[in-house]
Amino acid sequence: MNIILLGPPGAGKGTQAQHLIAARGLVQLSTGDMLREAIRSASPVGLRAKALMEAGALVPDEVVNELIAARLDAAPAGAGGGFIFDGYPRTEAQAVSLDALLAERGMKLDHVVELLVDEEALVDRITGRFSCAMCGEGYHDRYKLPKVAGRCDVCASAEFKRRPDDNEATVRTRMAEYRAKTAPILPYYEARGLVRRVDGMAPIAEVQRALDALLGEAG
Ligand code: AP5
């Protein structure tokens, strides 16, 4: 099963991807995570992406298309039963490229899940977000705190970090980019009957249940 998770910044794409990995063994392909890794390693892609990401602007299509192609090729055959495309595609050119990349590899898309959200609430979600510096587990100042204060639930690390683009001004630019360039690709998938919608404003566990119901029983 290959799924695109679509929604503005903070809609819960990464959070729900973690659930789909745990529940169904799918493999997450997050272009945001790939680009952050490229920045950390100071690769040519990272050097090109850094300023754009910090400003909340999209990275050029050819850069992310190549990242996705490389990850599809690196994944073991039949990887985990399918892929979750998280934060990709974000433009019509990326959507067309993904179709070609999948077709070349004998794969197809099964669902495009749009997380429906209220943009104002997302500013609060994003500015409160932090993650474990060791294992990457995601948290929120109010909605998802570690069970033991100051210790990661997964690896017990006491080190946490925040993303440099998680400030209000950059979030608003990212949302404007989503409205202008990403939301317009929905009709491309609607025409093929692939789009499913989930209320992304419900609590995290309810969104998970709605996704499970929509995708059918695991396995
Ligand atoms: P990317 O990393 O993809 O960021 P984004 O799309 O802005 O999405 P986020 O990761 O901010 O949000 P999310 O929907 O995953 O929410 P999360 O689950 O974390 O992209 C970053 C940048 O990289 C872009 O701006 C661009 O520059 C570049 N880029 C990436 N891909 C690109 C591409 N394809 N083309 C061009 N450029 C690209 O949740 C947020 C918070 O809310 C968390 O704290 C979570 O705990 C909490 N939360 C989640 N769900 C709920 C809920 N239901 N109720 C309450 N709290 C919740």
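## What about the site of the ligand?
Here is step 1 of the chain: In the vicinity of the ligand there are 35 residues, among which Thr15, Ala57, Arg90, Arg129 and Arg174 approach most closely.
Here is step 2 of the chain: Here Gly14 contributes a backbone N or O atom positioned 2.8 Å from an oxygen atom of the ligand.
Here is step 3 of the chain: Notes on the ligand: free accessible area 1000 Å², of which the protein chains cover 95%.
Here is step 4 of the chain: Broken down by secondary-structure element, the contributors of at least two residues to the shell around the ligand are α1 (13–24), α2 (31–40), α6 (119–127), β6 (138–140) and α9 (204–215).
Here is step 5 of the chain: Per-element accounting of the shell around the ligand gives the leading share, four residues, to α2.
Here is step 6 of the chain: Per-class residue counts for the shell around the ligand are 17 nonpolar, 10 polar and eight charged.

## Let's talk about the sheet that holds β6
Here is step 1 of the chain: The strand order across the open sheet built from three strands is β6-β5-β7, with neighbouring strands paired in antiparallel fashion. Both outer strands of the open sheet, β6 and β7 (160–161), are each paired with one neighbouring strand and no more.
Here is step 2 of the chain: The pairing of strand β5 (residues 129–132) with β6 spans three bridges and is classified as antiparallel. Bridging across to β6, Phe130 finds its partner in Tyr139.

## A look at the pattern of salt bridges
Here is step 1 of the chain: Summed over all chains, the structure comprises 24 salt bridges.
Here is step 2 of the chain: The partner of Glu62 in a salt bridge is Arg48, with the nearest N and O atoms 2.9 Å apart. Here the residue Glu62 occupies a position in helix α4 (residues 61–74), and Arg48 occupies one in helix α3 (residues 44–55), the gap between them amounting to 14 residues.
Here is step 3 of the chain: With its nearest N and O atoms 2.4 Å apart, the salt bridge here joins Arg197 to Glu190.
Here is step 4 of the chain: Residue Arg197 is classed as partly exposed on the basis of its relative accessible area of 41%.
Here is step 5 of the chain: Three or more residues are tied together by salt bridges with common partners; here these are Arg129, Arg163, Asp165, Asp166 and Arg174.

## Looking at the pairing of strand β4 (residues 111–116)
Here is step 1 of the chain: By the criterion of burial, β4 is predominantly enclosed, with five of the six residues buried.
Here is step 2 of the chain: Sheet topology places strand β1 (residues 3–6) next to β4; four bridges connect them, and they run parallel. Bridging from a neighbouring strand, Leu5 pairs with Val113 of β4.

## Examining the packing of aromatic side chains
Here a ring pair, both rings aromatic, is described through the centre-centre distance and the interplanar angle of the planes.
Here is step 1 of the chain: Per the stated rule, a full pass over the model turns up five aromatic pairs.
Here is step 2 of the chain: Both rings, one in Phe130 and one in Tyr139, keep their centres 5.6 Å apart while their planes meet at 25°; by these two values the pair is stacked.
Here is step 3 of the chain: With relative accessibility at 9%, the residue Phe130 sits in the buried group.
Here is step 4 of the chain: Among the residues examined, Tyr139 registers a relative accessible area of 4% and is labelled buried.

## Structural notes on the environment of Met53
Here is step 1 of the chain: Residue position: Met53 is located in helix α3.
Here is step 2 of the chain: Judged by its relative accessible area of 12%, Met53 falls in the buried class.
Here is step 3 of the chain: A sequence separation of 42 residues divides Met53 from Ala95, and the C-alpha atoms of the two residues are 20 Å apart.
Here is step 4 of the chain: Every residue in contact with Met53, bar those within four places of it in the chain, is listed here: Gly32, Leu35, Arg36, Ile39, Val59, Asp165 and Thr170.

Rules behind the numbers
Residues numbered from 1 in each chain as written. Predicted model: local features only at pLDDT ≥ 70, side-chain atom pairs only at ≥ 80, totals over all residues. Heavy atoms only, no water. Near = heavy atom within 4 Å. Polar contact = N/O pair within 3.5 Å; in protein donor to acceptor, adjacent residues only side chain to side chain. Areas by Shrake-Rupley, 256 points an atom, 1.4 Å probe, with all protein chains shown as cover. Helix = DSSP H or I, 4+ residues; strand = E, 2+ residues; numbered from the N terminus. Nonpolar A, V, L, I, M, F, W, Y, C, P; charged D, E, K, R; others polar. Pairing = 2+ DSSP bridges. Salt bridge = Lys/Arg side-chain N within 4 Å of Asp/Glu carboxyl O. Buried < 20%, exposed > 50% of the residue type's maximum accessible area, 1.4 Å probe, protein only. Phe/Tyr/Trp six-rings, centres within 6.5 Å; stacked < 30°, edge-to-face > 60°. Contact = heavy atoms within 4.5 Å.

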